[in-house]
Amino acid sequence: MWLTRLLRCLLVGLVIVGSPPWSVVDGFNVETKHYAVYRSEARSMFGFAVSTYRDKYSRGWAIVGAPEAETQTGVYRGGAVYKCDIAADDRCNIIHFDDKGHNHVRNPSVSDKLNQIDNKTLQWFGATVSASSKDGGPILVSATADIRTA
């Protein structure tokens, strides 16, 4: 199965990179015949975190974090996570975890007044991504710099 082969190649790459200091590796391409290239806005840090994922139909995907992507209204570079097709170049769709911007609650002492309770600006959503090994399982994403104000 291609996903098993990909994971095995990635594991071999990790072993090579984690080797003792006397064996230096500058960079390499694990798969040279069947690969996909994904591009996004340069400032989004697209590709900062990557994980492999299989949906409930056993189709393989790359889960890609872009911790400085601008995807939420009123939030400066809050970050995003994409699901990318491993069989085609530049075929990525955003995973809609949270699109509503900053959160607000009603202020009970002032009518029609909302207080902002968090600050998602530069929260680095997508700095860490991890996917379940179970087909169709959950995807875990962090927002390492999320600020709660209330």
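Everything numeric in this text was worked out from a predicted model, so none of it was measured.

### What to know about the overall build of the protein chain
- Across its full length, the protein chain holds 1 helix and 10 strands.
- Of the regular secondary structure in the protein chain, the N- to C-terminal order runs α-β-β-β-β-β-β-β-β-β-β.
- Per-residue burial for the protein chain yields a buried fraction of 29% across its 150 residues.
- Sequence-distant contacts in the protein chain: of pairs separated by 6 or more residues, those separated by 24 or more amount to 47%.

### Notes on unusual backbone geometry
- Of note, methionine 45 is a non-glycine position whose phi angle comes to about 65°, a positive value.
- Locating methionine 45 in the fold gives a position in the loop between α1 (2-17) and β1 (49-54).
- Within the chain, serine 58 stands out as a residue other than glycine whose phi angle is a positive 65°.
- Looking at where serine 58 falls in the secondary structure, it is placed in the loop between β1 and β2 (60-66).

### Brief notes about the side chain of aspartate 55
- Counting through the fold element by element, aspartate 55 comes out in the loop between β1 and β2.
- For the buried aspartate 55, which has no salt bridge, the nearest side chain bearing the opposite charge is arginine 59, at an N-O separation of 5.2 Å.
- Within the structure, aspartate 55 has its side chain in polar contact with the backbone nitrogen of arginine 59 (distance 2.9 Å).
- A polar contact is formed between the side chain of aspartate 55 and the side chain of tryptophan 61, at a distance of 3.1 Å.
- Filtering out sequence-adjacent residues up to four positions away, aspartate 55 remains in contact with Trp61, Asp135 and Gly136.

### Describing the nonpolar core
- Counting 9 residues, the largest nonpolar core is built from Ala49, Tyr53, Trp61, Ile63, Val81, Phe125, Val129, Ala131 and Val141.
- Of all the secondary structure elements, the ones that give two or more residues to this core are β1, β2 and β8 (125-131).
- Per element, the largest residue contribution to this core is 3 residues, and it comes from β8.
- Counting 7 residues, the second largest nonpolar core, distinct from the first, contains Ala62, Val64, Ala66 and Tyr82.

### Here's the deal with the sheet that holds β1
- In spatial order, the strands read β1-β2-β3-β4; together these 4 strands make up an open sheet with antiparallel pairing. Sheet topology places β1 and β4 (92-94) at the edges, where each strand pairs with a single neighbour. Shown here is a sheet whose adjacent strand axes are inclined to one another by a mean of 30°, direction ignored.
- The sheet contact formed by β1 and β2 spans 6 bridges and is antiparallel. Note that in β2 the partner of threonine 52 across the bridge is alanine 62.

Criteria and thresholds
- Numbering of residues begins from 1 in every chain and follows the order in which that chain's sequence is written.
- Totals for whole chains, interfaces and linings use all residues, but because this is a predicted model, local features are given only for residues with pLDDT of at least 70 and pairs of side-chain atoms are given and counted only at 80 or more.
- To get the side-chain values, all heavy atoms of the structure are used, and hydrogens and water are removed first.
- Think of it this way: any DSSP run of H or I at least four residues long counts as a helix, any run of E at least two long counts as a strand, and we number them from the N terminus.
- Think of it in three bands: residues with accessible area under 20% of the maximum for their type are buried, residues over 50% are exposed, and the middle band is partly exposed, with areas taken using a 1.4 Å probe on protein chains only.
- Contacts are assigned to residue pairs that have any heavy atoms within 4.5 Å of one another.
- Think of it this way: Lys and Arg go in the positive column, Asp and Glu in the negative one, and His and the chain ends go nowhere.
- Any Lys or Arg side-chain nitrogen located within 4 Å of an Asp or Glu carboxyl oxygen qualifies as a salt bridge.
- Polar contact is defined as a pair of N or O atoms within 3.5 Å, subject to the rule that within protein one atom must be able to donate a hydrogen and the other to accept it, and that residues adjacent in sequence are counted only when both atoms are side-chain atoms.
- Remark: nonpolar core denotes a set of buried residues (Ala, Val, Leu, Ile, Met, Phe, Trp, Tyr, Cys) joined through side-chain atoms within 4.5 Å.
- Only strands that DSSP links by at least two bridges are regarded as paired with each other.
- Here an angle of 0 to 180 degrees is reported between the N-to-C directions of two axes, which are lines fitted to C-alpha atoms, with helices fitted over the stretch in contact.

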